[in-house]
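Chain residues, written in single-letter form:
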Amino acid sequence: QVQLVESGGGLVQAGGSLRLSCAASGSIFSINTMGWYRQAPGKQRELVAAITSGGVTTNYADSVKGRFTISRDNAKNTVYLQMNSLIPEDTAVYYCNYRRDYPYEYNSWGQGTQVTVSS
C-alpha cells in the first residue's frame with residue numbers, strides 16, 4: 001500500500017507560479033509512474049503531467065506544455081510539479097497519482113490540493 005501526501009497548493013494571481021509536492025510512503029515498487037491530475041468543478045479529471053521512475057520520460061497535457069515541469073526525487077520518493085505562467089483555467093483540485101504495473105497493477109491517489117488562479 002502506498003500513501004501520497006500533497007502540498008503546495010494555494011491562491012495565486014495569473015502569471016504567478018506554484019510548486020506542488022507529493023511525498024509517497026509505503027510499499028513503493030522501484031518501477032513506477034507518478035503524476036498529477038486535476039479536476040475542475042463539473043469537469044472530468046484529466047492528466048496534467050506524468051513521469052516514469054527513471055526520470056527520463058515525461059508526458060504533459062497540451063494545455064500545460066511549456067508552462068509546467070514535472071520532476072521527481074526518488075531518494076525522497078517525492079514528485080514535484082512546477083507551475084509557471086498560471087492562468088485562471090488552471091484552477092482545479094490537483095491530485096497526485098502513483099501507478100505501477102508490476103508485480104501487479106496498482107494505483108494510489110492523494111487527497112488533492114486546491115489551486116486557484118485569480119484573474
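Residues numbered from 1 in each chain as written. Predicted model: local features only at pLDDT ≥ 70, side-chain atom pairs only at ≥ 80, totals over all residues. Heavy atoms only, no water.

**Student:** What exactly am I supposed to notice about the overall build of the protein here?
**Tutor:** The number of helices and strands found in the protein is 0 helices and 11 strands. Going from N to C terminus, the protein has its helices and strands arranged as β-β-β-β-β-β-β-β-β-β-β. For a compact globule of 119 residues, the expected C-alpha radius of gyration is about 14 Å, and the protein comes in at 14 Å, within 12% of that figure. Along the three orthogonal principal directions, the C-alpha set of the protein runs to about 45 × 25 × 25 Å. Put simply, the protein has 119 residues, and 41% of those count as buried. Within the protein, residue pairs in contact and separated by at least 24 positions form 53% of the contacts whose partners lie at least 6 positions apart. A total of about 6400 Å² of accessible surface is found on the protein, and carbon and sulfur atoms cover 48% of it. (Helix = DSSP H or I, 4+ residues; strand = E, 2+ residues; numbered from the N terminus. Rg over C-alpha atoms; globule rule 2.2 N^0.38 Å. Buried < 20%, exposed > 50% of the residue type's maximum accessible area, 1.4 Å probe, protein only. Contact = heavy atoms within 4.5 Å. Areas by Shrake-Rupley, 256 points an atom, 1.4 Å probe, with all protein chains shown as cover.)

**Student:** Sorry if this is basic, but what is going on with the state of the cysteines here?
**Tutor:** Where two cysteines share a covalent bond between their sulfur atoms, that bond is called a disulfide. In the structure shown here, the tally under the stated rule is 1 disulfide. Across the disulfide from Cys 22 sits Cys 96; the S-S distance is 2.0 Å. Handedness here is read from the sign of the S-S torsion; for Cys 22 and Cys 96, about -85 degrees, the answer is left-handed. Placement of the pair is Cys 22 in strand S3 (residues 18-26) and Cys 96 in strand S9 (residues 92-100), with a sequence separation of 74 residues. Assessed through its relative accessible area of 0%, Cys 22 is described here as buried. The exposure class of Cys 96 is buried, given its relative accessible area of 0%. (Disulfide = S-S within 2.5 Å.)

**Student:** What am I meant to see in the pairing of strand S11 (residues 113-118) here?
**Tutor:** Across a regular strand the side chains alternate sides, sitting on one face of the sheet and then on the other. A one-sided burial pattern is seen for S11, the buried positions being Thr 113, Val 115 and Val 117 and the unburied ones Gln 114, Thr 116 and Ser 118. For strand S2 (residues 10-13) and S11, the ladder comprises 4 bridges, and the chain directions are parallel. Bridge pairing in S11 places Gly 10 opposite Val 115. Note: S9 against S11, 3 bridges, orientation antiparallel. Paired with Ala 92 across the two strands is Val 115, which belongs to S11. (Pairing = 2+ DSSP bridges.)

**Student:** Which parts of the structure should I look at to understand the sheet that holds strand S8 (residues 78-83)?
**Tutor:** With respect to topology, 4 strands assemble into an open sheet ordered S1-S3-S8-S7, the strand pairing being antiparallel. Either end of the sheet is taken by a strand with one partner, and the two such strands are strand S1 (2-7) and strand S7 (68-73). Across the sheet, the mean angle separating the axes of adjacent strands is 15 degrees when strand polarity is ignored. The pairing of S7 with S8 spans 6 bridges and is antiparallel. Along S8, the bridge assignment pairs Ile 70 with Leu 81. (Axes fitted to C-alpha atoms, helices over the stretch in contact; angles between N-to-C directions.)

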